[in-house]
Each structure stands twice: as structure tokens, then as C-alpha cells.
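Commentary on secondary and tertiary structure
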Amino acid sequence: SLSLTHTDTAMGDAGAAGGDGGASKKAEMYSYKAPWPLYGMNWSQKKNKPFRLAVGSFIEEYTNKVQIVELDEAQGQFKKTAQIDHPYPTTKVMWIPDPDDQRPDLLATTGDYLRVWRVGDDGHASLDCLLNNNKTSEFCAPLTSFDWNETDPSLIGTSSIDTTCTIWDVNTSQAVSKVSGDVKTQLIAHDQEVYDIAFAKGVHVFASVGADGSVRMFDLRSLEHSTIIYEDQNTTPLLRLGWNKQDNSYLATMKMDESQVVILDIRVPCLPVVTLSNHEACVNGLAWAPHSSCHICTSADDKRALIWDIQQIPKGTTDPILAYEAAGAINQIQWSTAQPDWIAICYDDTLEILRV
């Protein structure tokens, strides 16, 4: 279970979230200032690289960047170890889910297409493959997000504004000199743009959210059916989706321009288990704890990152257990799988990692 109530962490008790939240302790928070505004961000999942992250720029022009940064623990500073030119901003950046280093050191990004990059032994990153499912048209339908299957890292699912989700079969075995991929399946997932996709634990089940305001669940073994888990009454677009990897019954989603996060139980479709509503501006990110079934963190334009214990909610407590106030509106939050007592956030041009 999580010991989230330390007073010596960067995230203070939610009731006392003012001040610097205890972040003055050197070892509880590290930050990295990028040369541009940040959006995409993800922790490396390899246990031998626990303090390595990738961050993507958000520049409103064609040429964008992805940097790989690693914490030098002796110096207490992040060092940039690689930089990639990326067409358009990344809509998502994700390292291969390979904690025990059984596969190549890969990083995937989405924007106009799905790209898989390889980090060499020298730390430099190069493009291994570009996966494009739209062979007929000269126009591409931008990809809004993707998810990399933790149980079987040869599966990557992408979501697109063209209403489809595509599941790719990607050869990521240690032996391959270059990654390649084939379309396993493509399906029309929603009536409008699809904004996010997430795999459940296991290899078959995934869900998606989109502009039609619904959460839909699919099973690769029977794609002729999908299950509507939730539909927003006002058909407000749903932007993000997170699947609880410790308890497959629970999903979290958030609505466009709203300050709430909706927790769903797939056993009770269409009725939210709870709505987390302590943020004071629109929510931009959510991440389940990788090692605990009842904790989730959320972040918003109100500059706050909050951690919730959803076990407490049936007992009548709907307040977060921890809170951290950043210096700017937080647009991204990620919980480290390799180091579950660390969370990363992005605001403006800053990456911060916080000990919880």
C-alpha cells in the first residue's frame, strides 16, 4: 500500500497545500527547464533507467523536438542525453513497457503518424519505423493518442480524428535490428473523432473516448461488438482515458473544459462510481498509481496536482489525500512504474518530478 502521507515529500497533505508543499527538501523534487513549452512526457519503464524521461515540445510550427533527459542523482540535475527532430508536436510520447530490459530500448510517439525510435547504447535516438495505415490518401488523419500494451509489447493501439482506432502488431523482440509493424486490425470506434485509447491489463481488451462523449470498450477476440461504458448526458467530448492496471474494473476519464474526473466501473455501465471535483479549472491529465488499485493522480489548469484514494470515497470522503501546487497550469501528469513513489508533471517549459 502507498505511504502517501509523509510530511517530508514534495506533495503536501491536501489540506495544507499552500506554500511550497515541502518541496524545499532537495531530494523530494527535481526540475528541468526545456527550451520550449512542453506537452508530451513519459517515464522510462526500464528498472535500470528509473530516472529517465522523454519530453516533447509544443511549438506551433512543423518542426518540433523530443528530448530524452536523465537525472544525474549525484549532481541533483537533469541532463539531456538525446534530442530528436519531430514533425508537429507529439500528441503522446511513451517508452516501451519493458521493465526487465528484455527488448530493445524503444520510444514511440504520435502526431501525424506513429513512429518508433530506438535509443542506442551511446544514448542517441534514431527512427526505427514510421507506421502509416492510410496508404491511399496523400492526406493523413492526425493521431490523437496511443497506448502500448504492457502484457504484450508487440501491440500498440492508436486513436485518430478519422473516428478509427488501429491496433498495430509491432516486432519489438530483442533480435530485430529494425522494428517493423503491420496492422492487426482497424475499426471505426466512434461517430466522431477519437481522442484517446487505453488497454486493460491483459492483451485483448481496450477502450476509447472521443468527441461523441462516450467511453467504448472493445475485445480483440470479438470486434463486431463494442460496449458503451459511459455516455455524457450533454455529449461533452471526453479527452483522456486511464485504465486502472491493478483493478481492471476501473477506468477514469475527463471531459473537455471541465474541472472534474469521472471514475467508472465497467461492471456498472453508464453510472459513474464517483466524480472527483476539487480542481478549480479544467483538468488536463490523469494517471492511476502503477502499484496500487485505489490511488489516482490528476492535474489541471489550476496549477495543482492532486492524489486521491478512491477507497475512501464510499466512506464519504471526496477530498484528495495529497496536493502539490506548481508555478503554472499543469498540462501533463505521469506516475512512474519503475519508481512508484515519483510522479512527473509538466507546465509551461518545465518538467518536475515529485516524490510522493
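Residues numbered from 1 in each chain as written. Predicted model: local features only at pLDDT ≥ 70, side-chain atom pairs only at ≥ 80, totals over all residues. Heavy atoms only, no water.

1. Focus on the side chain of T109
Examined against the element boundaries, T109 turns out to sit in strand β8 (residues 106–110). A relative accessible area of 0% means that T109 is categorised as buried. Here the side chain of T109 touches H86 through a polar contact of 2.9 Å, side chain to side chain. If sequence neighbours within four positions are ignored, T109 has contacts with V66, H86, T90, K92, V93, L114, R115, W117 and F146. (Helix = DSSP H or I, 4+ residues; strand = E, 2+ residues; numbered from the N terminus. Buried < 20%, exposed > 50% of the residue type's maximum accessible area, 1.4 Å probe, protein only. Polar contact = N/O pair within 3.5 Å; in protein donor to acceptor, adjacent residues only side chain to side chain. Contact = heavy atoms within 4.5 Å.)

2. Digging into the pattern of salt bridges
Per the stated rule, a full pass over the model turns up 19 salt bridges. Where R216 meets D191, a salt bridge forms, and the shortest distance between an N and an O atom there is 3.7 Å. Of this pair, R216 sits in strand β17 (residues 214–219) while D191 sits in the loop between β14 (181–188) and β15 (194–199), and the two are 25 residues apart along the sequence. Taken together, the salt bridges that share partners define one network made up of E28, D341 and R355. (Salt bridge = Lys/Arg side-chain N within 4 Å of Asp/Glu carboxyl O.)

3. With respect to the sheet that holds strand β18 (residues 227–231)
Across a sheet, paired strands are connected by hydrogen bonds in the backbone, their directions being either parallel or antiparallel. Taken in spatial order, the four strands line up as β15-β16-β17-β18 in an open sheet, and their pairing is antiparallel. Each edge of the sheet is formed by a strand with only one pairing partner; in this case those strands are β15 and β18. Neighbour-to-neighbour, the strand axes of the sheet open up by a mean angle of 20°, direction not taken into account. Across five bridges, the pairing between strand β16 (residues 205–210) and β17 is antiparallel. Across the sheet, residue F206 finds its bridge partner in β17, namely F218. (Pairing = 2+ DSSP bridges. Axes fitted to C-alpha atoms, helices over the stretch in contact; angles between N-to-C directions.)

4. Observations regarding unusual backbone geometry
Where the residue is not glycine, phi is negative for most of them; where a peptide bond is considered, it is trans in most cases. For D101, which is not glycine, the phi torsion reads 60° and is therefore positive. With respect to the element layout, D101 can be found in the loop between β7 (92–95) and β8. Although it is not a glycine, T163 sits at a positive phi angle of roughly 80°. On the accessibility criterion, T163 (18% relative accessible area) is buried.

5. Notes on the layout of surface pockets
Approximately 770 Å³ is the volume found for the largest pocket. If you go around the largest pocket, you meet 37 residues; those closest to its centre are K92, D147, L286, A287 and Q334. Put simply, the parts of the chain that give the lining of the largest pocket at least two residues each are β3 (38–43), β7, β11 (143–148), β15, β19 (238–243), β23 (283–288) and β27 (330–335). Here the element with the most residues in the lining of the largest pocket is β23; it accounts for five residues. By residue class, the composition of the lining of the largest pocket is 17 nonpolar, 13 polar and seven charged. The computed volume of the second largest pocket comes to approximately 440 Å³. Lining the second largest pocket we find 18 residues, and of these Y39, F58, T90, T91 and T144 sit closest to its centre. (1 Å grid on protein atoms, 1.4 Å probe; cavity = no way out; pocket = protein on both sides within 12 Å on 5 of 7 lines; lining within 4 Å. Points joined across faces, edges and corners; volume = space filled by probe spheres on them. Nonpolar A, V, L, I, M, F, W, Y, C, P; charged D, E, K, R; others polar.)

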